[in-house]
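Results of the structural survey
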Amino acid sequence: MITIKLILIALLLVILRAFLVQKSLLLIKRAVAVLMFAGLLILVLFPDISTRAANIMGIGRGADLLFYLAHLFFLLVAVTLWRRTITLNDAVTRLARELAIRNAERPNEKAD
Amino acid sequence: MAEPSVWVIIPAYNEGQVLAETLRELQEYNASYHLVVVDDGSTDNTSGIAREFAVHLLVHPMNLGQGAALATGIEYALRQKADIVVTFDADGQMRPADINPLVEAVVKDGLDVALGSRFLKSADSKMPTLKKIILRLGTIFTRLTTGLNITDTHNGLRAFKAETFAKLHITQNGMAHASEILTAIARCKLTYRELPVTIRYTEYSKRKGQGASNAINILFELFSRGGK
């Protein structure tokens, strides 16, 4: 039990650090990240809390509650990334278009 | 008014095998057309072949899709003060002789856009049956979503008044741009007419072109971008 807790805590800290070293990160995002990781840390140290919270919400096990929350979280991440991909694609398209137009090769014979 | 300048936009992705024939036919048909080949990041000698002809050549640094290639060519033509913009396929399916009636309709009758249709006259083009069915479903889909009563929704041969196209803002990079153009026609209340065109279903074009199954992809593209 102690070993898995140590591994999980170490991993959490590594990921949190990787997230926070980004220079251009809004303060609000830093705060949310720290709070989330603090919550996860508490859950790792005292797993019974999740069970109690689950029972209050009418869910059987703490693991189930975490499962649902994780699901929601990853859906949020997926949608965010997808939207960002579309924005990026549009930007790349516009960039490629401008490049192609600027480097256009005109026909030699025709002077128009 | 002086003779309007007609710009024919030809998106080409790995069309090295047939592009020469297509360009030769176009030049023989009407030498006054300005031809714009948009090489959509081809990995074959598409650009090299285009350079052998008196055409404007634009090269995308990577493959972006036919919709994006068309939009690039059209944007270029607009900056060159085009009067009429024609969209034409590189793969040899279309007949240059079908261009002029479309251009005439736009110039003489003052339409915003003239659309080619494969279904207006008795089908002499030997279209595969499954493709026919899918395209019919496409017309129903278009009628439901845009209210336009059009017989052929994914025909790539069209002529636009240039100033009109500038207002459409085509954002679909893939094949769904054809539906997007129709949506824009409905939204902007453009004047349009369909004219019969003949599409040649060669072995090459069947292999290279969109299979009927691509209809699924087009629907998906439309819906995934719909919310934007």
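Residues numbered from 1 in each chain as written. Chains lettered and ligands numbered in written order. Predicted model: local features only at pLDDT ≥ 70, side-chain atom pairs only at ≥ 80, totals over all residues. Heavy atoms only, no water.

Quick look at the overall build of chain A now. When you go through chain A residue by residue, the secondary structure sums to four helices and zero strands. Moving toward the C terminus, one meets the helices and strands of chain A in the order α-α-α-α. Taken across its 112 residues, chain A has 18% of its residues classed as buried. Partitioning the contacts of chain A with sequence separation of at least 6, the portion at a separation of at least 24 is 32%. (Helix = DSSP H or I, 4+ residues; strand = E, 2+ residues; numbered from the N terminus. Buried < 20%, exposed > 50% of the residue type's maximum accessible area, 1.4 Å probe, protein only. Contact = heavy atoms within 4.5 Å.)

On to the packing of aromatic side chains, then. Centre-to-centre distance and the angle between the planes together describe a pair of aromatic rings. The final tally for this structure, using the stated rule, is four aromatic pairs over all chains. Taking 5.6 Å as the distance between ring centres and 75° as the angle between the ring planes, the aromatic pair formed by A:F73 and A:F74 counts as edge-to-face. Judged by its relative accessible area of 36%, A:F73 falls in the partly exposed class. When its relative accessible area of 55% is taken as the criterion, A:F74 is described as exposed. With centroids separated by 6.2 Å and ring planes inclined at 50°, the aromatic side chains of B:Y29 and B:Y33 adopt a geometry described as tilted. (Phe/Tyr/Trp six-rings, centres within 6.5 Å; stacked < 30°, edge-to-face > 60°.)

To continue, consider the sheet that holds strand β3 (residues 56-59) of chain B. Two pairing modes exist for strands in a sheet, parallel and antiparallel, and in both the strands are linked by backbone hydrogen bonds. Residue and element names in this part refer to chain B. Overall, mixed pairing links the seven strands, which are arranged β3-β2-β1-β4-β6-β5-β7 in an open sheet. Every interior strand has two partners, whereas the edge strands, β3 and β7 (192-196), have only one. Averaged over all adjacent pairs, the angle separating strand axes in this sheet is 20°, with direction ignored. Of the pairings in the sheet, the one linking strand β1 (residues 6-12) to strand β4 (residues 84-87) comprises four bridges and is parallel in character. Bridge pairing in β4 links V8 to V86. Helix α3 (residues 66-79) contacts β1, β2 (34-39), β3, β4 and β6 (158-161) of the sheet and is inclined by roughly 150° relative to β1. In the packing of helix α7 (residues 177-187) onto the sheet, contacts are made with β5 (113-117), β6 and β7, and the angle to β6 comes to roughly 40°. (Pairing = 2+ DSSP bridges. Axes fitted to C-alpha atoms, helices over the stretch in contact; angles between N-to-C directions.)

Residues and elements named next belong to chain B. V8, I10, V37, V86 and I99 are the most contacted members of the largest nonpolar core, which has 37 residues in total. Elements that contribute at least two residues to this core include exactly β1, α1 (16-29), β2, α2 (46-51), β4 and α4 (99-109). Among the elements that line this core, the one with the most residues is α4, at five residues. If you look at the next biggest cluster of nonpolar residues, it comprises 27 residues, including L148, L168, L182 and A184. (Core = buried A, V, L, I, M, F, W, Y, C linked by side-chain atoms within 4.5 Å.)

The subject of this paragraph is unusual backbone geometry. Residues and elements named next belong to chain B. Within the chain, N14 stands out as a residue other than glycine whose phi angle is a positive 50°. Its location among the elements puts N14 in the loop between β1 and α1. Of note, the phi angle at K81 is positive, near 65°, even though the residue is not glycine. Following the sequence through the fold, K81 ends up in the loop between α3 and β4. Judged by its relative accessible area of 66%, K81 is exposed.

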